[in-house]
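Okay, here's what each chain looks like letter by letter:
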2 protein chains.
Amino acid sequence: MNIGQAARASGVSAKMIRYYEQIGLIRPADRTDSNYRSFSERDVNDLRFIKRGRSLGFSVEEITNLLSLWRDHTRPSREVKAIADAHVSDLRARIAEMQAMADTLAALSEGCAGDDRPDCPILTDLAAGPAPPAANVGDRAGAIS
Amino acid sequence: MNIGQAARASGVSAKMIRYYEQIGLIRPADRTDSNYRSFSERDVNDLRFIKRGRSLGFSVEEITNLLSLWRDHTRPSREVKAIADAHVSDLRARIAEMQAMADTLAALSEGCAGDDRPDCPILTDLAAGPAPPAANVGDRAGAIS
DNA sequence: CTTGACCTTCCCATGATGGGAAGCCCTATC
DNA sequence: GATAGGGCTTCCCATCATGGGAAGGTCAAG
């Protein structure tokens, strides 16, 4: 199986297959007489494993560990679960962060007319810093610490 | 004001200030006789603007546009709102994607004992592909297409 | 004058991915 | 058997925002 066929069969681009080989995520593929890489079904399975891992957001490094756990049939599931759970926490943390950004920005956009007038709270917020968390609207002691 | 002082005053690292100058996000800072960069209050304000923009997840390119809109007091708020709204959509899309990953992974982890036994649905899922959306548990026709 | 903290530029690395060039190989068609 | 087109090889470069570090100039305090 050529690299192109392996790519189509696994959904991993040929470029990335070479890259994964280069960084040691997969073992160097066999070569034909003419120096073409040659892939077995098993290699393709590994590539699919990698592909699914990536689509779940695992880093290549995490996948390295998962792959070796997968190959070692005596490994304790504890280790796998630990990697997965750490990754879930990580995802959730980043989600929360982005959610906060989106919320802030959506609120600012809400207050922006979006017409021909130049006035826009989005820019004033960027320029002046996050509005001090909604004190009473009538709060006139605008002292900025 | 030195670059170090500007960095402390703005929260942007000296390294990044040089980088922003290099890519043209900010204008080249004035120089002292000894070739040190010299920053004004106004420069620091720009840096703060950038910093806040970054913390809301805007790319440097988006910030370039926002900064020039900010400097142009005749700009229509429409343009600003458009940038912000596009960014919010972008954030939401990425959030949804990561949320799906986290959910999938959390569900798999749920099914993993996390003890000394090797059995773990996380790995089998990675190896075999996403489980076909929950057919009856008793469904025994394990044919894999 | 020395010391230490600061500044300058320049190069390199990250992580995962793609683009593209130069050159070899294979297969099908004429 | 020659030729064309597509696939393979390696190598280099770019992305995006950020940091590390080296080599060397500068400044201020002791």
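Definitions and limits used
- Residues numbered from 1 in each chain as written.
- Chains lettered and ligands numbered in written order.
- Predicted model: local features only at pLDDT ≥ 70, side-chain atom pairs only at ≥ 80, totals over all residues.
- Heavy atoms only, no water.
- Near = heavy atom within 4 Å.
- Polar contact = N/O pair within 3.5 Å; in protein donor to acceptor, adjacent residues only side chain to side chain.
- Helix = DSSP H or I, 4+ residues; strand = E, 2+ residues; numbered from the N terminus.
- Nonpolar A, V, L, I, M, F, W, Y, C, P; charged D, E, K, R; others polar.
- Least-squares fit on C-alpha atoms with pLDDT ≥ 70 in both.
- Contact = heavy atoms within 4.5 Å.
- Salt bridge = Lys/Arg side-chain N within 4 Å of Asp/Glu carboxyl O.
- Axes fitted to C-alpha atoms, helices over the stretch in contact; angles between N-to-C directions.
- Parallel < 35°, antiparallel > 145°, perpendicular 65-115°, else oblique.

With that out of the way, let us pick up the protein's contact with DNA strand C. Taken together, 19 residues lie near DNA strand C, and A:Lys15, A:Tyr20, B:Gly4, B:Arg18 and B:Arg37 sit nearest. When atoms of DNA strand C within 4 Å of the protein are sorted by moiety, sugar and phosphate together comprise 69%. A:Ser13 is positioned with one of its side-chain polar atoms (N or O) 3.2 Å from a phosphate oxygen of DNA strand C. Side-chain polar atom of A:Lys15 to a base oxygen of DNA strand C: 2.4 Å apart, as the coordinates give it. Every element with two or more residues in the surface near DNA strand C is listed here: α2 (14-22) of chain A together with α1 (3-10) and α2 (14-22) of chain B. Residue contributions to the surface near DNA strand C peak at 4 residues, all from α2(A). Here the surface near DNA strand C is built from residues that sort into 7 nonpolar, 6 polar and 6 charged.

Right, let's talk about the relation of the copies chain A and chain B for a bit. Aligned on chain B, chain A shows an RMSD of 0.1 Å; the corresponding rotation is 180° and the shift along the axis is 0.0 Å. Expressed as an axis order, the relation between the two copies is that of a two-fold axis. Within chain A, the C-alpha atom positioned nearest to the axis of rotation is that of A:Ile95, 2.8 Å from it. By residue overlap, the copies meet face to face through one surface: 100% of the interface positions of chain A are interface positions in chain B.

Here we come to the interface of chain A and chain B. With 55 residues of chain A at the contact, the number on the chain B side is 55 residues. Taken together, chain A and chain B are joined by 2 salt bridges. Taken together, chain A and chain B are joined by 22 residue pairs in polar contact (both at pLDDT 80 or more). Those elements that provide at least two residues to the side of chain A that touches chain B are α3 (41-55), α4 (60-71), α5 (77-110) and α6 (121-128) of chain A. For the side of chain A that touches chain B, the element with the most residues is α5(A), which contributes 22 residues. Residue classes in the side of chain A that touches chain B are distributed as 27 nonpolar, 13 polar and 15 charged.

Right, let's get into the packing of α6(A) against helix α3 (residues 41-55) of chain B. Two elements in contact, α6(A) and α3(B), have axes whose closest approach is 7 Å; the angle formed by their N-to-C orientations is 115°. Between α6(A) and α3(B), the angle falls in the class roughly perpendicular. Contacts between α6(A) and α3(B) involve A:Leu123, A:Asp125, A:Leu126, A:Ala127 and A:Ala128 from the former and B:Arg48, B:Phe49, B:Arg52 and B:Gly53 from the latter. Counted by class, the contact of α6(A) with α3(B) contains 5 nonpolar, 1 polar and 3 charged residues.

Surrounding DNA strand D, one finds 19 residues, the nearest of these being A:Gly4, A:Tyr36, B:Lys15, B:Tyr20 and B:Val60. Considering DNA strand D, the proportion of its atoms within 4 Å of the protein that are sugar or phosphate atoms stands at 66%. Residue A:Arg18 places a side-chain N or O atom 2.8 Å away from a phosphate oxygen belonging to DNA strand D. Broken down by element, the residue count for the surface near DNA strand D peaks at 4 residues, all from α2(B). Across the surface near DNA strand D, the residue classes break down as 7 nonpolar, 6 polar and 6 charged.

This part covers the environment of A:Ile3. Residues and elements named next belong to chain A. Within the secondary structure, Ile-3 sits in helix α1 (residues 3-10). Each C-alpha atom of the pair Ile-3 and Val-44 lies 9.9 Å from the other, and the pair is 41 residues apart in sequence. If we skip the residues at most four places from it in the chain, Ile-3 touches Ala-14, Ile-17, Arg-18, Arg-37 and Phe-39.

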